[in-house]
Number of protein chains: 2
Amino acid sequence: MNDMTQTPEMLIAAMAARARKASHALSLASDAQKARGLELAAQALRDHGDAICRANAQDMDNAAERGLSPALLDRLKLDTARIEGTAAGVEQVARLPNPLGETISETTRPNGMVLQRVRVPLGVIGIIYESRPNVTADAAALCLRAGNAAILRGGSEAVESNRAIHAAMAEGIAAADLPVDAIQIVPTTDRAAVGAMLRASGLIDLIVPRGGKSLVARVQEEARVPVLAHLDGMNTSYVHGSADPQMARELILNAKMRRTGICGATETVLFDAAFPATKDVLAALIDAGCAVRGDEAIRALDPRVTPATDEDWDTEYLDAIVAAAQVNGLDEALDHIAAHSSHHTDAIVAEDAEAAERFLNAVDSAIVMWNASTQFADGGEFGLGAEIGISTGRLHARGPVALEGLTTYKWVVRGTGQTRP
Amino acid sequence: MNDMTQTPEMLIAAMAARARKASHALSLASDAQKARGLELAAQALRDHGDAICRANAQDMDNAAERGLSPALLDRLKLDTARIEGTAAGVEQVARLPNPLGETISETTRPNGMVLQRVRVPLGVIGIIYESRPNVTADAAALCLRAGNAAILRGGSEAVESNRAIHAAMAEGIAAADLPVDAIQIVPTTDRAAVGAMLRASGLIDLIVPRGGKSLVARVQEEARVPVLAHLDGMNTSYVHGSADPQMARELILNAKMRRTGICGATETVLFDAAFPATKDVLAALIDAGCAVRGDEAIRALDPRVTPATDEDWDTEYLDAIVAAAQVNGLDEALDHIAAHSSHHTDAIVAEDAEAAERFLNAVDSAIVMWNASTQFADGGEFGLGAEIGISTGRLHARGPVALEGLTTYKWVVRGTGQTRP
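Residues numbered from 1 in each chain as written. Chains lettered and ligands numbered in written order. Predicted model: local features only at pLDDT ≥ 70, side-chain atom pairs only at ≥ 80, totals over all residues. Heavy atoms only, no water.

As annotated in an unreviewed UniProt entry, chain A is Gamma-glutamyl phosphate reductase from Sphingobium jiangsuense. Under the Subcellular location (unreviewed entry) heading, UniProt states for chain A: "Cytoplasm". In UniProt, chain A has this text filed under Sequence similarities (unreviewed entry): "Belongs to the gamma-glutamyl phosphate reductase family." (UniProt positions renumbered as here; feature names shortened; annotations may be inferred.)

What follows is the structure, given as structure tokens:
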């Protein structure tokens, strides 16, 4: 067993070297070939559905023994319907427009040199994720379609499921004559392998963590490789004095309560003192089962509102709880958002277009919305087809990140013998 | 003296908080106001030229006492001509097209929501640089024009010059009613302040190191904040068998010898075995004063070529030295470049368009060139007006980075009350 003497660093370096070679081959492969590889991978997922279910049953048994919570067990669970959903997702990625080759800009210099910026793959992408085994297929498909090689490291509780899904994906891309090293799965559940990925500067070009806050926090703390990370969705909806009462009620109810556990859910509502129907919106929230924690002015409107503490204004509940405050005008709302927003998604409800445009301009968040539910903060809802995540960082890609976020560009210069004077 | 009890972390956090406020104000200021601020700053640099020269004389005296090398002293030195050059550079930045506000993409969703991606400032940018005091003005001007606040930390040997230049810049932007905190200079030469900047995640959005390899390496090693960094320019020019002999001689001579100390200089030349005039190109290089270190085939062509060691293929000489090897065909050249390039700039000299296009497609570098000198790898030469640096990273911005590289985007969503089903 050679592996016994191999350090995690050696393992990751060897995988990354194979991934680099594969990424070069992918960058030269046609788009049709990559799309074909994904179609075949989707088919392989269906063909091997039974084997994937058996592998998953092993993971489920182990997880139950280890006492995983019902919520985690549900995330881990695969069945024919979920495998079909995963396969359909891979096919959907295969049918997205080609993200590569686009000429982003072109100029001709006075000396006749022609300069283009052309969209190319990023290279080698590391995906670090937790219990959902479908990420093995989803993330690999997005990476591959954008011409990148992927190194996948899933949760230890999903190891058998991930291996079975990976084997099916590999079979599909091999059948399209694409390099199997384009999608690799870290073969050990040793946590040190994650550390080695995070420190693999120059070997891995980008790390995408997919999972809960503690995973993302560890990745951000330890990584020497650039990270596309998603932190909190501390999102605010601000109801301006000019807001239509009925629209405000429907939007706030949807933004908070449609699904409380997603990152686009509204966590704080600011009601302008000039908005006449705050009481109705509060009642609608409470009647829908939402706990409202309010400042003094809000509490005065409904006895069911409990007092908010300082902490509430910075809390991403991901639950049927909302913080609510009264503000005097747009500027006070902007100040509150600047102080408490996590720069994910913030919205204004207003009929006054001038106020709305000022809000859209002044709020410094990845997504700013006017008269729309913050729950739309999602790559699929944005028409991007599929997303690898939502970035709360400011560099490279912001908000929902799909295929384009997994590309970069290079400068292509064509001359006729020009020398620099 | 409150400062005696202030840690570097507290100092940087306080500066960053003021910078964040200033960046919000800047993001709302009109482009004309920012341009006007830079015009006035350029004028203030000229008006205070004498004071800047006196401050610089102090730095020069201290540096001479500390025994700085003549090369470093020359970098530090300011005179009326250099101050005029700096002022003109600031004016040039004022006259570049507005990098902000552009709508990068726009879509209307089936439910009627209109989505735009709009170019906005990055936020707060930290610049860490060495002895050239003109960076104080250049970098601040680029940051400000792109709507960002800058926190500047120059070399301790240039502290008086930097302060004087900063004071003039601040006077100019204040005269245009822009917040003076938009350009701040770290008031201490304590090296711990650099560490505090590098760890200021969430407070500083981007660090740009400007200086030698050891500075850039320290920044990359220590930074928790994203870094726009420029590593080696291990650039290769490949002379294909189809290359025009005269063009090849002129291009190689220029690419290596025009200025040997810039990052775009060619460091390795690959001669195809099918190229008939390798001997002439070698003679031209050697006659121009270049030391050639070659493999066996190259040494056989000219007795003045000395043997290359393995190390030579990975060395950025920044000097009148070149490594030269013979390769058999394009694939061998691509393999050599994949193994040794630092992914900065690589070029092919060829008349065969098919070979050239294969090279441009296959070489994974920030800049790839066909029949042009690698010495063109420069923001000014690319028509970008001015550059903050050349990025050898793959994320966010690649190659020469100018105003656009100092921006990001946000998603602006305009609805009419849409809720997510």
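So, on to the relation of the copies chain A and chain B. Mapping chain A onto chain B calls for a screw motion: a turn of 180 degrees about the axis and a shift of 0.0 Å along it, with 0.0 Å RMSD after fitting. Read as a symmetry element, the transformation amounts to a two-fold axis. Among all residues of chain A, the minimum C-alpha distance to the rotation axis is found for His 396 of chain A, at 1.9 Å. Looking at the interface residues of chain A, 100% of them are also at the interface in chain B, so both copies use one shared face. (Least-squares fit on C-alpha atoms with pLDDT ≥ 70 in both. Contact = heavy atoms within 4.5 Å.)

All names here are of chain B. The tally for this structure, following the rule as stated, stands at 50 salt bridges over all chains. One salt bridge connects Arg 95 with Glu 39, and the closest N-O pair in it is separated by 3.3 Å. Placement of Arg 95 in the loop between α5 (80-94) and β1 (103-108) and of Glu 39 in helix α2 (residues 31-47) is noted, with a sequence separation of 56 residues between them. Look at Glu 39 and you get partly exposed, because its relative accessible area is 24%. Its salt-bridge partner being Arg 398, residue Asp 364 comes within 3.2 Å of it at the nearest N-O pair. With Asp 364 in the loop between α14 (353-362) and β13 (367-372) and Arg 398 in the loop between β14 (389-391) and β15 (399-401), this pair connects stretches of sequence that are 34 residues apart. A single burial state applies to Asp 364 and to Arg 398, both of which are buried. (Salt bridge = Lys/Arg side-chain N within 4 Å of Asp/Glu carboxyl O. Helix = DSSP H or I, 4+ residues; strand = E, 2+ residues; numbered from the N terminus. Buried < 20%, exposed > 50% of the residue type's maximum accessible area, 1.4 Å probe, protein only.)

Take the sheet that holds strand β5 (residues 183-185) of chain B next. All names here are of chain B. If you trace the 4 strands from one edge of the open sheet to the other, you get β5-β4-β3-β6, paired in parallel fashion. Because the sheet does not close on itself, it has two edges, and the strands there are β5 and β6 (206-210). Mean inter-strand twist for the sheet, computed between neighbouring axes without regard to direction, equals 20 degrees. Pairing between strand β3 (residues 124-129) and strand β4 (residues 149-153): 5 bridges, direction parallel. (Pairing = 2+ DSSP bridges. Axes fitted to C-alpha atoms, helices over the stretch in contact; angles between N-to-C directions.)

By the definition in use, this model includes 2 cavities of 30 Å³ or more. Every residue lining the largest cavity is listed: Arg 153, Gly 154, Gly 155, Ser 156, Val 159, Asn 162, Arg 163, Ile 185, Val 186, Thr 188 and Thr 189 of chain B. The element contributing the most residues to the lining of the largest cavity is helix α7 (residues 159-175) of chain B, with 3 residues. Of the residues that constitute the lining of the largest cavity, the class distribution is 3 nonpolar, 6 polar and 2 charged. Around the second largest cavity, the lining residues are Leu 45, Ile 52, Leu 78, Ile 83, Thr 86 and Ile 165 of chain A. When grouped by side-chain class, the residues that make up the lining of the second largest cavity number 5 nonpolar, 1 polar and no charged. (1 Å grid on protein atoms, 1.4 Å probe; cavity = no way out; pocket = protein on both sides within 12 Å on 5 of 7 lines; lining within 4 Å. Points joined across faces, edges and corners; volume = space filled by probe spheres on them. Nonpolar A, V, L, I, M, F, W, Y, C, P; charged D, E, K, R; others polar.)

So, on to the UniProt feature "domain: Aldehyde dehydrogenase" (unreviewed entry) in chain A. Under the local residue numbering, the UniProt record ascribes the feature "domain: Aldehyde dehydrogenase" (unreviewed entry) to residues 11-273 of chain A. Between the end C-alpha atoms of residues 11-273 of chain A there is a gap of 60 Å, over a span that is 51% helix and 17% strand.

Let us now look at the side chain of Asn 254 of chain A. The topology assignment puts Asn 254 of chain A in helix α10 (residues 245-257). With residues near it in sequence (within four places) discarded, Asn 254 of chain A still touches Ser 373 and Gln 375 of chain A together with Thr 419 and Arg 420 of chain B.

This next bit is on the environment of Ala 29 of chain A. Residues and elements named next belong to chain A. The topology assignment puts Ala 29 in the loop between α1 (8-28) and α2 (31-47). According to the relative accessible area criterion, Ala 29 is buried, its value standing at 14%. When the C-alpha atoms of Ala 29 and Leu 178 are compared, they prove to be 7.9 Å apart, with 149 residues separating the residues in sequence. Setting aside residues no more than four positions away along its own chain, Ala 29 makes contact with Lys 34 and Leu 178.

Once that is clear, we can look at the interface of chain A and chain B. Taken residue by residue, the interface counts 71 residues in chain A and 71 residues in chain B. Together chain A and chain B conceal approximately 5900 Å² of surface at their shared face, both sides included; 51% is due to carbon and sulfur atoms. The tally of links from chain A across to chain B stands at 8 salt bridges. Salt-bridge contacts for Glu 381 of chain B lead to Arg 420 of chain A; the nearest nitrogen and oxygen are separated by 3.3 Å. Run the count over chain A and chain B and you get 55 residue pairs in polar contact (both at pLDDT 80 or more). Those elements that provide at least two residues to the side of chain A that touches chain B are α1, β2 (114-121), α9 (213-222), α10, α14 (353-362), β13 (367-372), β15 (399-401) and β16 (407-418) of chain A. The dominant element in the side of chain A that touches chain B, judged by the number of residues it contributes, is β16 of chain A, at 11 residues. In the side of chain A that touches chain B, the residues fall into 32 nonpolar, 20 polar and 19 charged. (Buried area = accessible area lost by both parts, 1.4 Å probe. Polar contact = N/O pair within 3.5 Å; in protein donor to acceptor, adjacent residues only side chain to side chain.)

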